[in-house]
Amino acid sequence: MANLNSANKKGISIFALAMLNIVAVVSLRGLPAEAEYGLSSIFYYIFAAVVFLVPVSLVAAELATGWSEKGGVFRWVGEAFGPRFALIAMFMLWIEVTVWFPTALTFGSVSLAFVGPDQTWDQALSQNKFFVLGIVLAIYWIATFIALHGTEAFSKVAKWGGMIGTVIPGIILIVLGFSYVFAGNTPQIDLSWDKVIPDFTNFNNVVLAASIFLFYAGMEMNAIHVKEVDNAPRNYPIAIAIAAIGTVCVFVLGTLAIAFVIPQKDINLTQSLLVAYDDMFAWAGISWAAPIMAACLALGVLAGVVGWVAGPSSGLLVVAKGGYLPRFWQYTNKHG
């Protein structure tokens, strides 16, 4: 019976795994922060991709297929340095997520605030701390509930939520932003080629570089699910490659799209993405789409949070089953 259940259990497809990684890494909420730097952000995105994202992606793919036992980072570090360092690595991954949750969830609450038809009222609502707190808690517990229903449940949410809430909004942002410029409108940034190379004497540019490296973090996180991936030795590297390419494209082109439309002095880290959509939709004559986009972005946050809830938590379960955490951490529900 156990074998029959195992055979009937669906694995994670290439597309689903790619979406899991994209929603784990890509967050449109961070684009306004980089849009402040105009064309110079391109240099940092590509530089960080070459020296960080691509190597991490390749290493994650190699380790996941070479050591395909369930455990991900915990398994890899344990094989190389022993269980104590493996436990530390897994704990650091988990605590990193704990710190990250508030920023992602706050963006989700701001997105939902912009579902209303009046931008002025929406902006006021997005600054209401009780509204933000309520939505933050609601999204987190919904994500936890989904993650508790097992791999199939959260991979579906990540796949479709990632498409609807991250990939499609990113494509729309890019298309509208570049259409705005190609239609003859004046972009809000200087498009001179010399602006691509940043001023390295400016400390703010160093801060930008550090933040972009952080943007690319997380590609290794979903390796914890390698045992659930269909034909992992073949499919995992393909999914990682798709996710890495998609991540760079969305970050670079999405940042430029915002920079084209929003003046640098008006960029707000939590609201500018929504304002950019509002302005672009108004320019395109489809203002009615702005609330729909806000709801989609909130769904994207949910998809990302689901992945980050499930990944490190599954890793800690492996740690517990290895005997390095109290026994009560080993208990699972019927979904595993």
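Small disclaimer: the values here were computed from a predicted structure and weren't measured.

## Side note on the overall build of the protein
Across its full length, the protein carries 13 helices and 0 strands. In the protein, the succession of helices and strands from N to C terminus is α-α-α-α-α-α-α-α-α-α-α-α-α. A compact globule built from 336 residues should have a C-alpha radius of gyration of about 20 Å, and the protein, at 21 Å, falls within 12% of that. Principal-axis analysis of the C-alpha atoms gives the protein an extent of 65 × 40 × 30 Å. Intrachain contacts of the protein at a sequence separation of at least 6 include 81% that bridge at least 24 residues. If you sum the accessible surface of the protein, you get close to 16,100 Å²; carbon and sulfur atoms cover 68% of it. The centroid of the 16 positive side-chain charges in the protein is displaced by 16 Å from the centroid of its 18 negative side-chain charges.

## Things to note about helix H13 (residues 289–321)
For H13, with 33 residues, the first-to-last C-alpha span of 48 Å sits near the 48 Å given by 1.5 Å per residue. Here H13 lies mainly inside the structure; 27 of its 33 residues are buried. Backbone geometry just after H13 places glycine 323 at a positive phi near 90 degrees.

## Section: the environment of isoleucine 189
In this structure, isoleucine 189 sits in the loop between helix H9 (151–182) and helix H10 (203–215). C-alpha of isoleucine 189 to C-alpha of threonine 120: the two residues are 69 residues apart in sequence and 25 Å apart in space. If we skip the residues at most four places from it in the chain, isoleucine 189 touches Gly38, Leu39, Leu256, Ala259 and Phe260.

## Looking at the UniProt feature "transmembrane region" (unreviewed entry) in the protein
Within this numbering scheme, the UniProt entry marks residues 12–30, 42–64, 85–110, 130–148, 160–183, 203–224, 236–262 and 282–311 as carrying the feature "transmembrane region" (unreviewed entry). Counting secondary structure, residues 85–110 comes out at 100% helix and 0% strand; the distance between its end C-alpha atoms is 39 Å. Between the C-alpha atoms that bound residues 130–148 the distance is 27 Å, and the span itself is 95% helix and 0% strand.

## Examining the confidence of the model for the protein
Summary statistics for the protein give a mean pLDDT of 80 and a share of 90% for residues scoring 70 or more. For the protein, the element scoring lowest by mean pLDDT is helix H1 (residues 2–8), at 44; helix H8 (residues 129–147) scores highest, at 89. Confidence drops under a pLDDT of 50 for residues 1–8, and excluding neighbours within four residues, the segment shows 0 contacts in the predicted structure.

## Observations concerning the packing of aromatic side chains
For the structure shown, the criterion picks out 12 aromatic pairs. Aromatic pair phenylalanine 43 and phenylalanine 47: ring centres 6.1 Å apart, planes at 5 degrees, arrangement stacked. Within this pair, phenylalanine 43 and its partner phenylalanine 47 are both found in helix H4 (residues 40–66), separated by 4 residues, close to a single helical turn. Given the relative accessible area of 27%, phenylalanine 43 is considered partly exposed. Ring plane angle 10 degrees and centroid distance 5.6 Å describe the contact between tyrosine 45 and phenylalanine 251, whose orientation is recorded as stacked. Residue tyrosine 45 is located in helix H4, and its partner phenylalanine 251 is located in helix H11 (residues 232–261); the two are separated by 206 residues in the primary sequence. These aromatic residues form a ring-pair network of at least three members: Phe43, Tyr44 and Phe47.

So, how was this worked out
Residues numbered from 1 in each chain as written. Predicted model: local features only at pLDDT ≥ 70, side-chain atom pairs only at ≥ 80, totals over all residues. Heavy atoms only, no water. Helix = DSSP H or I, 4+ residues; strand = E, 2+ residues; numbered from the N terminus. Rg over C-alpha atoms; globule rule 2.2 N^0.38 Å. Contact = heavy atoms within 4.5 Å. Areas by Shrake-Rupley, 256 points an atom, 1.4 Å probe, with all protein chains shown as cover. Lys, Arg positive; Asp, Glu negative; His and termini not counted. Charge placed at Lys NZ, Arg CZ, Asp CG, Glu CD. Expected span 1.5 Å × (residues − 1). Buried < 20%, exposed > 50% of the residue type's maximum accessible area, 1.4 Å probe, protein only. UniProt positions renumbered as here; feature names shortened; annotations may be inferred. pLDDT = per-residue confidence, 0-100. Phe/Tyr/Trp six-rings, centres within 6.5 Å; stacked < 30°, edge-to-face > 60°.

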